[in-house]
Amino acid sequence: MVYRDDRQALALQVAELERENTRLCKELEVIKKRLRKASTDGHEQRRTGTRDACALCGGTLLPVAIFAGHDVRAPLPLKMSTLRFTNPEGGFTHSAPIRSLVCASCGYIQNFIDIDASKSVTD
């Protein structure tokens, strides 16, 4: 009789542990989804906020034009090769214009590759 009671006690304990395992797996899935969402939201916020504030001091960014060439009457806009960046619609773009912003507080010049504008130029 003792053997049967021990087996029954172990079976009850195993069943309880399996229920707890199922509950913890569901809770883990919910936490993983929240982590993925928070990570995606954080990445999107950083991506969209890069042109909002200075990377060094957090100051206000203002647009500034930077050109190349010696002829003041016909300046050459700066472009950067984007062959290593794929075009979202497929294929590659050859070059994209560079947009520059300067911080009103510290004067740091920040350059951005304007991939969105290059799509409209190549289309």
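All values derive from a computational prediction rather than experimental measurement.

Colleague: Mind laying out the overall build of the protein chain, listing which residues take part and the relevant values?
Modeller: Helix and strand content of the protein chain: two helices and six strands. When the helices and strands of the protein chain are placed in sequence order, the string is α-β-β-β-β-β-β-α. Taken over 123 residues, the protein chain has a buried fraction of 13%. Partitioning the contacts of the protein chain with sequence separation of at least 6, the portion at a separation of at least 24 is 41%.

Colleague: Can you explain a nonpolar patch on the surface? Please cite residues and give values.
Modeller: Residues V64, I66, L78 and I109 make up a contiguous nonpolar surface patch of roughly 260 Å² in combined accessible area. Tracing the backbone shows V64 in strand β1 (residues 61–64). Using a relative accessible area of 33% as the deciding quantity, one classes V64 as partly exposed.

Colleague: I'd love a proper account of the side chain of S100, names of residues and values included.
Modeller: For S100, the position within the fold is in strand β5 (residues 95–103). A distance of 2.5 Å separates the side chain of S100 from the side chain of N111, its partner in a polar contact. In this structure, S100 is in contact with L62, P63, V64, I66, I109, Q110 and N111, ignoring residues within four places of it in sequence.

Colleague: I'd like a rundown of the state of the cysteines, residues and numbers included.
Modeller: On inspection of all chains with the given rule, the structure shows zero disulfides. Looking at the unpaired C57, the closest cysteine sulfur is the one in C103, lying at 3.4 Å. Assessed through its relative accessible area of 43%, C57 is described here as partly exposed.

Reading the values: rules and limits
- Residues numbered from 1 in each chain as written.
- Predicted model: local features only at pLDDT ≥ 70, side-chain atom pairs only at ≥ 80, totals over all residues.
- Heavy atoms only, no water.
- Helix = DSSP H or I, 4+ residues; strand = E, 2+ residues; numbered from the N terminus.
- Buried < 20%, exposed > 50% of the residue type's maximum accessible area, 1.4 Å probe, protein only.
- Contact = heavy atoms within 4.5 Å.
- Patch = residues over 30% accessible without salt bridge, like charges linked within 9 Å, V, L, I, M, F, W, Y side chains within 5 Å.
- Areas by Shrake-Rupley, 256 points an atom, 1.4 Å probe, with all protein chains shown as cover.
- Salt bridge = Lys/Arg side-chain N within 4 Å of Asp/Glu carboxyl O.
- Polar contact = N/O pair within 3.5 Å; in protein donor to acceptor, adjacent residues only side chain to side chain.
- Disulfide = S-S within 2.5 Å.

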